[in-house]
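Residue-level structure breakdown
The residues making up each chain are set out below.
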Amino acid sequence: MCLGIPGRIVAITDEARQMAMADVSGVRREVSVACVVDGPLDALVGEWVLIHVGFAMSLIDEAEAARTLDALRELGEAQEALDAMAEGAKSLEGTT
Amino acid sequence: MRYVEEFRDPKAARALIARIAEATDAIGATREEPVRIMEICGGHTHAIFRYGLDKLVHEGIEFIHGPGCPVCVLPMARVDECVEIAEKPGVIFTTFGDAMRVPGTKGSLMQAKARGADVRMVYSPLDALELSRRNPDREVVFFGLGFETTTPSTALTLLQAAREQIPNFSIFCNHITVPPPLKALLDDPWMMLDGFVGPGHVSMVIGVHPYDFIARDYGKPIVVAGFEPLDLLQSVLMVLEQIREGRAEVKNQYARVVPEHGNPVSLAAIEEVYEPRPSFEWRGLGEIDASGLRIRPAFAAWDAEEKFGIGYAAGPRHVEEPEGCACGQVMTGRIKPTACPRFGNGCSPETPLGALMVSSEGACAAYWQYGGARVAAE
């Protein structure tokens, strides 16, 4: 919950709400880019960001993203974040 | 425990370990009289154990595990209030997964769910807001928990709810801030800390200047660090070099992610939505001035405390820790987890009694997970 996970912005999904689709280790997740936007939203497509609980909090370069992902995998935190995303998606659909 | 050979750059790691040893010797620290460095962040605690860094460095360095695990410092009364809200008719109670298993006097949120309460794990407060859009006839509450890393996310979500005037969404705010407990620890006459490794992702939000008082007023060095083993070793060395040279400064080892002044959008959202409470209770540390946040009156319509007449709005309710639970003493560095009478005796990660056993960032859970052989040796 406290450690961010790197993801890559692949598309802008909602200009007004400043939302974008991110690819996080192969998992697609909609995130807010409100904290990293600086100019036109489209410029973010292709950028790597550090994502905390659904919010892109920092722009990072690809090498930093790879190093951070490695460190998170070692700690089991990468899987934890991906599981939490899956669980979150389930919570939205069902009754549990 | 890991070996240096498995690190991304073993040569760099070995060089850092050698320089750390040299600096530790120069300071004159020994196993008996160690230099005490607190890593504030629970993520750092986890990484230190995962890589066995405490065993790889000079024996004259003792890591004291700080209060930076939000689940671990959550008092039982707050868990009880979560359960109380979750069991109200019509409520969907949403939370980060970490908080599900924290025990309160009426059990955990997980147990409340098993009893029939609609408790749902979400990844983001945005998921909770989406749930309230999809369930207009239900009251959706999000458990706002965590330090400055998660605070912007709930602030921005609340602002979105306000913009859309979503009436059936509220936040049960239990956010806490990093600097006040550090001040409390430094004011504790018992505490003998020589320096700090500062949190990385919290600092990404708040920048490095909120730590200025540590160097200026208390004469202790602090180095904001990343999460790789090399980052941590480098940061420990940067702390030691300051001690060796009689300096006390705030340094940023993690500048590739942490901007000096933090993230302006996040800070503005926090400021707009939240204000400090006069004081807030921390598990193991007691009441600390201005260490917790509450929702400003302008946003009362999205404040679960106002909506349900619960929590600090209704007056603080201290609950005693379970008998024999020494979370408080472990948290302040007075004892090691293994010295707690309940460690492995009614308290384990599967059935946690105290909060430090719940999260992988808690000192007790880290000892349990990585400690087997080393516990025997201590």
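Because the structure is a prediction, the values reported are computed rather than measured. (Residues numbered from 1 in each chain as written. Chains lettered and ligands numbered in written order. Predicted model: local features only at pLDDT ≥ 70, side-chain atom pairs only at ≥ 80, totals over all residues.)

1. Considering the overall build of chain A
- Looking only at helices and strands, chain A features two helices and five strands.
- Listing the helices and strands of chain A from first to last along the sequence gives β-β-β-β-β-α-α.
- What you see for chain A is a C-alpha radius of gyration of 13 Å, in line with the 12 Å of a compact globule of 96 residues.
- Along the longest, intermediate and shortest principal axes, the C-alpha atoms of chain A span 35 × 35 × 20 Å.
- The burial tally for chain A puts 46% of its 96 residues in the buried class.
- In chain A, of all internal contacts separated by at least 6 residues, the share reaching a separation of at least 24 is 43%. (Helix = DSSP H or I, 4+ residues; strand = E, 2+ residues; numbered from the N terminus. Rg over C-alpha atoms; globule rule 2.2 N^0.38 Å. Buried ≥ 20, exposed ≤ 12 C-beta atoms within 10 Å, placed from the backbone. Contact = placed C-beta atoms within 7 Å.)

2. Quick word on the overall build of chain B
- A count of helical and extended segments in chain B gives 15 helices and 13 strands.
- Here chain B has a C-alpha radius of gyration of 21 Å; the compact-globule value for 378 residues is 21 Å, and the two agree.
- Its C-alpha atoms put chain B at 65 × 45 × 40 Å along the principal axes.
- Looking at chain B as a whole, 58% of its 378 residues are labelled buried.

3. As for the interface of chain B and chain A
- The partner chain A presents 29 residues to the 37 residues of chain B that form the contact.
- Contributions of two or more residues to the side of chain B that touches chain A are made by α2 (42-50), β4 (119-121), α6 (125-134), α7 (151-164), α9 (200-206) and α12 (264-273) of chain B.
- Classifying every residue of the side of chain B that touches chain A gives 16 nonpolar, 14 polar and seven charged. (Nonpolar A, V, L, I, M, F, W, Y, C, P; charged D, E, K, R; others polar.)

4. Focus on helix α11 (residues 229-244) of chain B
All names here are of chain B.
- End to end, α11 covers 22 Å across 16 residues, agreeing with the expected 22 Å (1.5 Å per residue, within 8%).
- Buried residues dominate α11, accounting for 13 of its 16 residues.
- Directly after α11, the chain includes G246, whose backbone phi takes a positive value near 70 degrees. (Expected span 1.5 Å × (residues − 1).)

5. Examining the sheet that holds strand β1 (residues 35-41) of chain B
Residue and element names in this part refer to chain B.
- Read from one edge to the other, the open sheet built from five strands follows the order β2-β1-β7-β8-β9, with strand pairing classed as parallel. With partners counted over all chains shown, the strands left at the sheet margins are β2 (61-68) and β9 (250-252), one partner each. Neighbour-to-neighbour, the strand axes of this sheet turn through a mean angle of 20 degrees, independent of strand direction.
- Running over the sheet, α11 touches β1, β2, β7 (195-198), β8 (222-224) and β9 and is turned about 150 degrees from β7. (Pairing = 2+ DSSP bridges. Axes fitted to C-alpha atoms, helices over the stretch in contact; angles between N-to-C directions.)

6. A short note on the environment of M110 of chain B
All names here are of chain B.
- Along the chain, the position of M110 falls in helix α5 (residues 109-114).
- On the basis of neighbour counts, which here come to 16 C-beta atoms within 10 Å, the residue M110 falls in the partly exposed class.
- Distance in space between the C-alpha atoms of M110 and Y123 is 16 Å, their sequence separation being 13 residues.

7. Examining the confidence of the model for chain B
- On average, residues of chain B carry a pLDDT of 91, and 97% of them reach 70 or more.
- Under the prediction, the complex receives an ipTM of 0.93, its pTM being 0.92. (pLDDT = per-residue confidence, 0-100.)

8. Regarding helix α8 (residues 179-187) of chain B
- Every buried residue of α8 of chain B is accounted for by P180, P181, L182 and L185 of chain B.
- Here the buried face of α8 of chain B lies against β1, β2, α10 (212-218), β11 (279-282) and β12 (286-289) of chain B.

9. Some words on the pairing of strand β5 (residues 55-60) of chain A
Residues and elements named next belong to chain A.
- Within β5, five of the six residues are buried, which leaves it mostly tucked inside the rest of the structure.
- Two elements, strand β4 (residues 48-52) and β5, share five bridges in a ladder whose sense is antiparallel. Opposite H52, over in β5, you have F55 as the bridge partner.
- Counted between consecutive antiparallel strands, the loop separating β4 from β5 contains two residues, among which V53 sits at a positive phi close to 35 degrees.

10. Observations regarding unusual backbone geometry
Residue and element names in this part refer to chain A.
- The backbone of S25 sits at a positive phi, close to 50 degrees, despite the residue not being glycine.
- Mapping S25 onto the fold places it in the loop between β2 (19-24) and β3 (27-32).
- Unlike most non-glycine residues, V53 shows phi in positive territory, near 35 degrees.
- By the element assignment, V53 lies in the loop between β4 and β5.

11. Examining the packing of α6 of chain B against α7 of chain B
Residue and element names in this part refer to chain B.
- Between α6 and α7, the least distance of the axes is 9 Å, while the angle of their chain directions is 25 degrees. Between α6 and α7, the angle is such that the two are roughly parallel. In this structure, the crossing between α6 and α7 has a hand that is right-handed. On the side of α6, the interface is formed by P125, L126 and L129, while α7 contributes S153, T154, T157, Q160 and A161.
- Its residues placed into classes, the contact of α6 with α7 shows four nonpolar, four polar and no charged. (Parallel < 35°, antiparallel > 145°, perpendicular 65-115°, else oblique. Left-handed = near helix turned anticlockwise from the far one by under 90°.)

12. Things to note about the nonpolar core
Residues and elements named next belong to chain B.
- With 155 residues, the main nonpolar core has I37, A86, F93, V236 and L356 as its most contacted residues.
- Per-element tally for this core: the top contributor is α11, with eight residues.
- Apart from residues no more than four positions distant in its own chain, L356 is found in contact with C72, C327, V330, M331, P337, G362, A363, C364 and A365. (Core = buried A, V, L, I, M, F, W, Y, C linked by C-beta atoms within 7 Å.)

13. Focus on the packing of α7 of chain B against α12 of chain B
All names here are of chain B.
- At a minimum axis distance of 8 Å, the contact between α7 and α12 shows a crossing angle of 65 degrees. Here the hand of the crossing between α7 and α12 comes out left-handed. Side by side, α7 and α12 meet where T151, P152, A155, L156, L158 and L159 of the first sit next to S266, A269, I270, E272 and V273 of the second.
- Its residues assigned to classes, the contact of α7 with α12 shows eight nonpolar, two polar and one charged.

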